[in-house]
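Observations on chain architecture
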Amino acid sequence: MSGTPVANDIRRLRFEQGEMTQQALADACGVTRQTIIALEAGRYAPSLELAFRIARVFGVGVEEVFRWQPLA
């Protein structure tokens, strides 16, 4: 399985937001649920625009959602 060096805390943030569903986050960001699944699994790095959209939904900065984590 290939991954991306962009790690995230989307799952944690969803649960801190009253157990927001993947579908609710996807709808708020204008993407599919499959995109959120791939992001949470670390199989997909978001575009800069999507990263900002996700951060805005949670009311935090991009750095509080995403971080660079080089692959070993």
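Structure shown above.
Since the model is a prediction, treat every value here as computed from it, not as a measurement. Per chain, residues are indexed from 1 in the order of the written sequence. Per-residue local features of the predicted model are confined to residues with pLDDT of at least 70, and side-chain atom pairs are confined, for both listing and counting, to 80 or more; whole-chain, interface and lining totals are unaffected and use all residues. Only hydrogens and water are removed before side-chain values are computed, so all heavy atoms of the structure are retained for them.

Some points on the nonpolar core
To keep things clear, this is the line we draw: Nonpolar core, defined: a set of buried Ala, Val, Leu, Ile, Met, Phe, Trp, Tyr and Cys residues in which side-chain atoms within 4.5 Å join the residues together. We call a residue buried when its accessible area falls under 20% of the maximum for its residue type, exposed when it is over 50%, and partly exposed in between, using a 1.4 Å probe and counting protein chains only. Helix and strand assignments follow DSSP, with helices taken as H or I runs no shorter than four residues and strands as E runs no shorter than two, numbered in order from the N terminus. By definition, residues are in contact when any of their heavy atoms lie within 4.5 Å.
Counting 17 residues, the largest nonpolar core has Ile 10, Leu 25, Leu 39, Ile 54, Phe 58, Val 65 and Phe 66 as its most contacted members. For this core, the secondary structure elements donating two or more residues are helix H1 (10–16), helix H2 (22–29), helix H3 (33–40) and helix H4 (48–58). Per element, the largest residue contribution to this core is five residues, and it comes from H4. In this view, Phe 66 contacts Val 6, Ala 7, Asn 8, Ile 10, Pro 46, Ala 51 and Ile 54; residues no more than four positions away in its chain are not counted.

Observations concerning the pattern of salt bridges
What counts here: The term salt bridge refers to a pairing of a side-chain nitrogen on Lys or Arg with a carboxyl oxygen on Asp or Glu at a separation within 4 Å.
This structure, assessed with the given rule, holds five salt bridges. Taking the shortest distance from any N to any O, the salt bridge between Asp 9 and Arg 67 comes out at 3.2 Å. Of the two residues, Asp 9 is situated in the loop between strand S1 (6–8) and H1 and Arg 67 in strand S2 (residues 66–68); the sequence distance between them amounts to 58 residues. Here Arg 14 makes a salt bridge to Glu 40, at a shortest N to O gap of 2.5 Å. One end of the pair, Arg 14, is in helix H1; the other, Glu 40, is in helix H3, with 26 residues separating them in the sequence. Residues joined by salt bridges that share partners form a network here, namely Asp 9, Arg 12, Glu 16 and Arg 67.

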